[in-house]
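# Coordinate inspection notes
So the chains spell out like this:
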Amino acid sequence: MKKKNVISFALFIITLAVLPHLVSGYWQRVLTQTFLFASIAVGSNIIIGYTGYPAFGNIAFFGVGAYVTGVLTTKYNMAFVATLPFCALSGIVLAILLGIPILRLKGHYFAIATVGVMETIKELIDNMTELTGGGLGLTLPIMQGEPEHIYRFFYYAMLLCMLFALFLSYVISKVKLGYALRAIRVDEDAASVMGINTPLYKTFAWALSASAVGIAGGIYAYWLSYIDPHTVFVGTYSVKMFAMILLGGAGTVMGPLLGAFTLELISELIWSKFIAIHGMVLGLLIIFIILFIPKGMFE
């Protein structure tokens, strides 16, 4: 990373760290939600952007992470922070188990399969009433303290989650794994011929992606304090995630982050006035990006 970029990024992080002391609770919530989607987009970019596998159902790991935190805090009285490693671990294990059969598929077949997996997990959780509460959901312990302190706690928790996903993405882009994933994206058969163990690398990429998305889900569950299958396995989250990755630039480190900030702030400032057609506007935006800026704005 160039010195100029390092300085710019450091100033960006310092600004985000100071903002909670300068803005209202409303904008703290907006930024916390932006960090959430940035974490999902940056984490998912590892499998979607670097590897070229359109994992539309990556929100499955978000939902699983949310329920891991929900179950551990409500059924086993575990502290919230202590649940986060289990959120990452659950994503890793699930991605490995699913990756063995599903990553044999390519293109739209893989995309459809991941959506099917997400819906299957959602239905399983919906029917595990004794553990997950089923359709009634789970009510997590409410954090004690002044509202101002609670807002800032979740602001910084989501910020750290975003930075973790970004760090993971950056490290991958600079090591052998990152080069192997890019080779798979360009031509998987050629990469295999060159000696790259494509099934192993793809599974490893999906597991790392799932770990970041799972942690985001765990923080979200504690922030929301109540979850049910319909609040954490949300199809529109997948669409927003893809829009952010495409807008910023798939396969880049900073692209999904900048795409998330751009899209969320536009959504808050403008799209909130068009709630009834929000989904249609989002779909039209994706079509526009694919047609006119297929490599993203920040490649």
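Look up a bit, the structure's there.
Anyway, here's the lowdown on the structure attached to this text. Everything numeric here is computed off the predicted structure, so don't read it as measured data. For every chain, the first residue of the written sequence is number 1, and numbering continues from 1 along that sequence. In view of the model being predicted, local features appear only for residues whose pLDDT reaches at least 70, and side-chain atom pairs are presented and counted only at 80 or more, with totals across whole chains, interfaces and linings using the full set of residues. Working from all heavy atoms in the structure, the side-chain values ignore hydrogens and water.

### A look at the environment of Y151
Stated formally: Only runs of H or I of at least four residues qualify as helices and only runs of E of at least two qualify as strands under DSSP, and these elements are numbered from the N terminus. Classification of residues uses two cut-offs on accessible area relative to the type maximum, computed with a 1.4 Å probe and protein chains only: under 20% is buried, over 50% is exposed, and between them is partly exposed. Should any heavy atoms of two residues lie within 4.5 Å, those residues are considered in contact.
You can see Y151 is positioned in helix α7 (residues 147-174). You can call Y151 partly exposed: its relative accessible area is 45%. Residues Y151 and I227, 76 residues apart in the sequence, show an inter-C-alpha distance of 19 Å. When sequence neighbours within four positions are dropped, the list of residues in contact with Y151 reads G25 and Q28.

### Considering the pattern of salt bridges
Going by this rule: Counted as salt bridges are all cases of a side-chain nitrogen of Lys or Arg within 4 Å of a carboxyl oxygen of Asp or Glu.
Counted under the stated rule, the structure contains four salt bridges. A salt bridge links R152 to E148, with the shortest nitrogen-to-oxygen separation between them at 2.8 Å. Residue R152 and its partner E148 are located together in helix α7, separated by four residues, close to a single helical turn. Judged by relative accessible area, R152 falls into the buried class, the value being 18%. A salt bridge links E264 to K240; its shortest N-O distance comes to 2.5 Å. A residue pair is termed long-range when its members are at least 10 positions apart, and E264 in helix α13 (residues 255-269) and K240 in helix α12 (residues 235-248) qualify at 24 residues. For the residue pair E264 and K240, the accessibility class agrees, reading buried in each case.

### Some words on the packing of aromatic side chains
Test applied: Stacked, edge-to-face and tilted labels apply to pairs of Phe, Tyr and Trp rings (six-membered ring for Trp) whose centres lie within 6.5 Å, assigned for plane angles under 30 degrees, over 60, and everything in between, in that order. Throughout this description, the term charge over a ring refers to an Arg CZ or Lys NZ atom that lies within 6 Å of the ring centre and within 35 degrees of the ring normal.
Tallying each qualifying case throughout the model produces 18 aromatic pairs. With centroids separated by 5.1 Å and ring planes inclined at 85°, the aromatic side chains of F37 and Y237 adopt a geometry described as edge-to-face. On the criterion of sequence distance, the pair formed by F37 in helix α2 (residues 25-50) and Y237 in helix α12 is long-range, its members being 200 residues apart. Neither residue differs from the other here; F37 and Y237 are each classed as buried. Linked through ring pairs, F9, F12, F35, Y155, Y156 and F261 together constitute an aromatic cluster. Here the guanidinium or amino end of R182 rests over the ring plane of Y50, the centre of that ring lying 5.4 Å away. Positioned above the aromatic ring of Y179, the side-chain terminus of R182 is 5.7 Å from the ring centre.

Geometry only, nothing functional implied.
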